[in-house]
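If you want the building blocks of each chain, they are given just below.
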Amino acid sequence: MAKLSAKYEVMVVFSIAAGEDKVKELVEKFKTLIENNGTVEEVNEWGKRKLAYEIDDQTEGYYVLYTFESKPDFPAELDRVAKITDGVMRSMITVKK
């Protein structure tokens with residue numbers, strides 16, 4: 001039998017080059033996207049942190065960890081949106097057990 005829903009975590013690193021307002025807008029955009037397709041359990045903003053290596057000549061990023069529950073097909077869509085959104089430096093989605 002197919003799973004109806006599962007718990008996931010997604011870590012997103014946003015670029016701080018465009019300013020704090022743009023970062024807050026992106027954090028809210030992803031929260032809304034997840035809410036529209038599942039249930040947000042927690043949004044944990046880690047804030048501005050030093051990157052392990054430079055990405056696009058930037059040494060810092062704004063880290064946010066979203067914990068949510070959704071249908072198994074949604075994480076692929078979330079990953080696609082993260083990859084095409086300006087201001088997202090990196091993202092990684094994992095299944096939470």
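Before any of the text, the structure's been laid out above.
A short tour of the structure in this document, coming up. (Residues numbered from 1 in each chain as written. Predicted model: local features only at pLDDT ≥ 70, side-chain atom pairs only at ≥ 80, totals over all residues. Heavy atoms only, no water.)

## Describing the pattern of salt bridges
- The full count for this structure, using the stated rule, is 6 salt bridges.
- Its salt-bridge partner being K31, residue E35 comes within 3.7 Å of it at the nearest N-O pair. Linking E35 with K31, this pair stays in helix α1 (residues 20-37), spanning 4 residues, or about one helical turn.
- Salt-bridge contacts for D79 lead to K83; the nearest nitrogen and oxygen are separated by 3.3 Å. Here the residue D79 and the residue K83 both occupy positions in helix α2 (residues 74-84), the gap between them amounting to 4 residues, near one helical turn. (Salt bridge = Lys/Arg side-chain N within 4 Å of Asp/Glu carboxyl O. Helix = DSSP H or I, 4+ residues; strand = E, 2+ residues; numbered from the N terminus.)

## Things to note about the environment of L4
- Among the structural elements, L4 can be located in the segment before β1 (6-15).
- By relative accessible area, L4 is classed as exposed at 68%.
- Residues L4 and D21, spaced 17 residues apart in sequence, show a C-alpha to C-alpha distance of 36 Å.
- Among all residues touching L4, those that are not within four sequence positions of it are K71 and P72. (Buried < 20%, exposed > 50% of the residue type's maximum accessible area, 1.4 Å probe, protein only. Contact = heavy atoms within 4.5 Å.)

## Observations concerning the nonpolar core
- Formed by 19 residues in total, the largest nonpolar core has its most connected members in F14, F30 and Y66.
- Among the secondary structure elements, those contributing two or more residues to this core are β1, α1, β3 (58-70) and α2.
- Other than its neighbours up to four places away in sequence, Y66 contacts Y8, E9, V10, V12, F14, L26, V27, F30, K31, I34, E42 and V43. (Core = buried A, V, L, I, M, F, W, Y, C linked by side-chain atoms within 4.5 Å.)

## Points about the environment of D86
- Looking at the element boundaries, D86 is found in the loop between α2 and β4 (88-95).
- D86 sits in the exposed class, given a relative accessible area of 66%.
- In this structure the C-alpha to C-alpha distance between D86 and A6, which are 80 residues apart in sequence, comes to 28 Å.
- Aside from chain neighbours lying at most four places away, what touches D86 is K22 and L26.

## Focus: unusual backbone geometry
- One non-glycine residue with positive phi stands out, namely D56, at about 50°.
- Note on placement: D56 falls in the loop between β2 (38-55) and β3.
- Look at D56 and you get exposed, because its relative accessible area is 65%.
- In this structure, D57 is a non-glycine residue whose phi angle is positive, near 65°.
- Within the element layout of this structure, D57 appears in the loop between β2 and β3.

## So, the side chain of S70
- With respect to the element layout, S70 can be found in strand β3.
- For S70, a relative accessible area of 2% translates into the label buried.
- In contact with S70, other than residues within four places in its own chain, are S5, A6, Y8, N37, G38 and P75.

Geometric values such as these leave the question of function open.
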